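Below, each chain spelled out in residue letters.
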Amino acid sequence: MTLPEQPAPSGFRVDISRGQRIGRVSSEWFARPDDERYLDLPDLYTAVRGRAERAQARTVESRSIRVEASRDNSERLALMVPGRDEPVAPTHWSFGQLCTLVGAPTSYLRQLPAPLSAINLQHGLLSHRAELIKTLEADSGRIELRAVTGPDYGRIWDHELVAAVMKIAGNGTGDTRWKVPGVLDWSTMTHNPFVEVTKDNTTLYASDRDVFLFLVDDTNPIEAGRLPDGSPDLYFRGFYCWNSEVGSKTLGIASFYLRAVCMNRNLWGVENFEQITIRHSKFAAQRFAHEAAPALTRFANSSAAPFVAGIKAARERIVARTDEDREAFLRKNGFTKSETSKVIETVLGEENRKPESIFDFVQGITAFARAKPHQDVRLEFEGKAKRMMERAV
């Protein structure tokens, strides 16, 4: 059942020994300097919209670009781009894109004095077979080259993604149900949704090459069954999304249910993880408008009933009552004899009983996967658990 649709008056106890642990948000949190952290969505939107308004995208002939460098400054080169009288300064990112586009070794050219690097880059531009490239130039006190891509690059602006999120999340700090997450108190295993948003704990980020946003609905926990001690097994909804208007990554949206977010922004007890990505190909903008943005809205406004029903069905579907049943069930689902024993031992260690239901096996598999050091192995096990869960519904 779903708890009443009202903010939780205080934190709620959670069991994070179940489900997946996902570190994607924590990686972003750890890597972002202060000037890439935002306290609310309006400020983030203003920043990324402002830089888009100062930018101009154009398609030019690669052989008509002139690379210039001064002997007086061995570390800086500039580009003369058709249609501009003043030189354009490549950013660190766009210089790498330009090198890649013309087949030049980026790391090697970075080490050369600018005049030598310019000669090599000019040669690449003159012999570039694709002929046309798309530039993104911005006036930030000086004219910068923010991105260089192929002519069919389908740009989705960072502010478009932020605007889509604002339609469902408002300011992202509590004027709707969607907000920057609270924090798990490890001493009491209680997730507290009511934490002031600061630069230290925010999950709204933007750099000169991307945006990343993580929001949750943690004031409205959902009860999906009971724990072995009889207490409610509580979840809340969350999603994160990302984009790069300069081509450093795809656009993507991931949605899921989770049990807690700790101080360093690891996601604990994740279930029902779903993800879509959109490459910046020719029709990317249309796909964003017709697929990604509506999918985000649907998830934000959807009922938790199907998720709760799925958990209930998995708990009630008994598939093994004997050791022979358990081994046969796991072997049938693609586990080796050694893996089968360890999954069963994991459930026994955490639940003080051997697995019987689909839900028991899924929790055991995901717990077993968490101990694997290599991501590809973890993903393989988690994929098997997800397929098992889907078949239970």
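Since this is a predicted model, take the numbers as computed values, not measurements.

Rules of the game
The written sequence of each chain sets the order in which its residues are numbered from 1. Restriction of local features to residues with pLDDT of at least 70 applies here, the model being predicted, together with a cutoff of 80 or more for giving and counting side-chain atom pairs; totals for whole chains, interfaces and linings are based on all residues. Heavy atoms throughout the structure, all of them, feed into the side-chain values; hydrogens and water do not. Put simply, DSSP marks the helices as runs of H or I at least four residues long and the strands as runs of E at least two long, and each gets a number from the N terminus on. Type-normalised accessible area, obtained with a 1.4 Å probe on protein chains alone, sets the label of each residue: buried when under 20%, exposed when over 50%, and partly exposed for intermediate values. Between two residues, a contact is recorded if the distance between any of their heavy atoms is within 4.5 Å. Pairs of N or O atoms are called polar contacts if they sit within 3.5 Å, as long as, within protein, a hydrogen donor faces a hydrogen acceptor (for residues adjacent in sequence, only side-chain-to-side-chain pairs). Only strands that DSSP links by at least two bridges are regarded as paired with each other. A pairing counts as a salt bridge when a side-chain nitrogen of Lys or Arg comes within 4 Å of a carboxyl oxygen of Asp or Glu. The arc in question is the one traced by the directions running from the helix axis out to the C-beta atoms.

In this section: the environment of His-123. Here His-123 shows up in helix H5 (residues 114-126). With 21 residues separating them along the chain, His-123 and Val-102 place their C-alpha atoms 9.0 Å apart.

For Glu-28, the location among the structural elements is in helix H1 (residues 24-31). Classification of Glu-28 as buried rests on a relative accessible area of 11%. Sequence-distant contacts of Glu-28, defined by excluding residues within four places in its chain, comprise Tyr-205, Phe-212 and Lys-249.

A few words now on the side chain of Arg-259. For Arg-259, the location among the structural elements is in the loop between strand E15 (251-258) and strand E16 (260-261). Within polar-contact distance, the side chain of Arg-259 engages the backbone oxygen of Gly-269 at 3.0 Å.

Moving on to the sheet that holds strand E9 (residues 143-149). The strand order E4-E8-E9-E7 describes an open sheet built from four strands, whose pairing is mixed. Strands with a single pairing partner mark the edges of an open sheet, and in this sheet they are strand E4 (55-61) and strand E7 (89-90). Across six bridges, strand E8 (residues 132-139) lies against E9 in antiparallel orientation. Note on E9: the bridge partner recorded for Thr-135 is Val-148.

In spatial order, the strands read E1-E11-E10; together these three strands make up an open sheet with antiparallel pairing. In this open sheet, the two strands that pair with only one neighbour each are strand E1 (12-13) and strand E10 (183-185). Relative to strand E11 (residues 190-192), E1 is paired through two bridges, and the arrangement is antiparallel. Along E11, the bridge assignment pairs Phe-12 with His-191.

In this section: the pattern of salt bridges. Across all of its chains, the model carries 28 salt bridges by this definition. The partner of Arg-24 in a salt bridge is Glu-28, and the shortest N-O contact between them spans 3.5 Å. One end of the pair, Arg-24, and the other, Glu-28, are both in helix H1, four residues apart, so they sit about a helical turn from each other. Since its relative accessible area comes to 26%, Arg-24 is described here as partly exposed. As a salt-bridge pair, Glu-274 and Lys-386 come within 3.4 Å of each other at their nearest N and O atoms. Separated by 112 residues along the polypeptide, Glu-274 in strand E17 (residues 267-278) and Lys-386 in helix H12 (residues 375-392) bring together distant segments of the chain. Under the relative-accessibility criterion, Glu-274 is labelled partly exposed at 37%. Each of Arg-24, Glu-28, Arg-32, Glu-36, Asp-210 and Lys-249 takes part in salt bridges that share partners, so that together they form one network.

Because the α-helix completes a turn every 3.6 residues, residues three or four places apart line up on one side. Burial in helix H9 (residues 323-332) covers these residues: Arg-326, Phe-329 and Leu-330. Projected onto a plane normal to the axis of H9, the buried residues spread over an arc of 90 degrees and lie on a single side. Exposed residues pointing more than 90 degrees away from the buried face of H9 are listed as Glu-324 and Lys-332. Just downstream of H9 lies Gly-334, where phi reads positive at about 95 degrees.

This part takes up unusual backbone geometry. One non-glycine residue with positive phi stands out, namely Met-189, at about 55 degrees. With respect to the helices and strands, the residue Met-189 is situated in the loop between E10 and E11. Phi angles above zero are rare outside glycine, and Arg-265 is one such case at about 70 degrees. Looking at the element boundaries, Arg-265 is found in the loop between E16 and E17.

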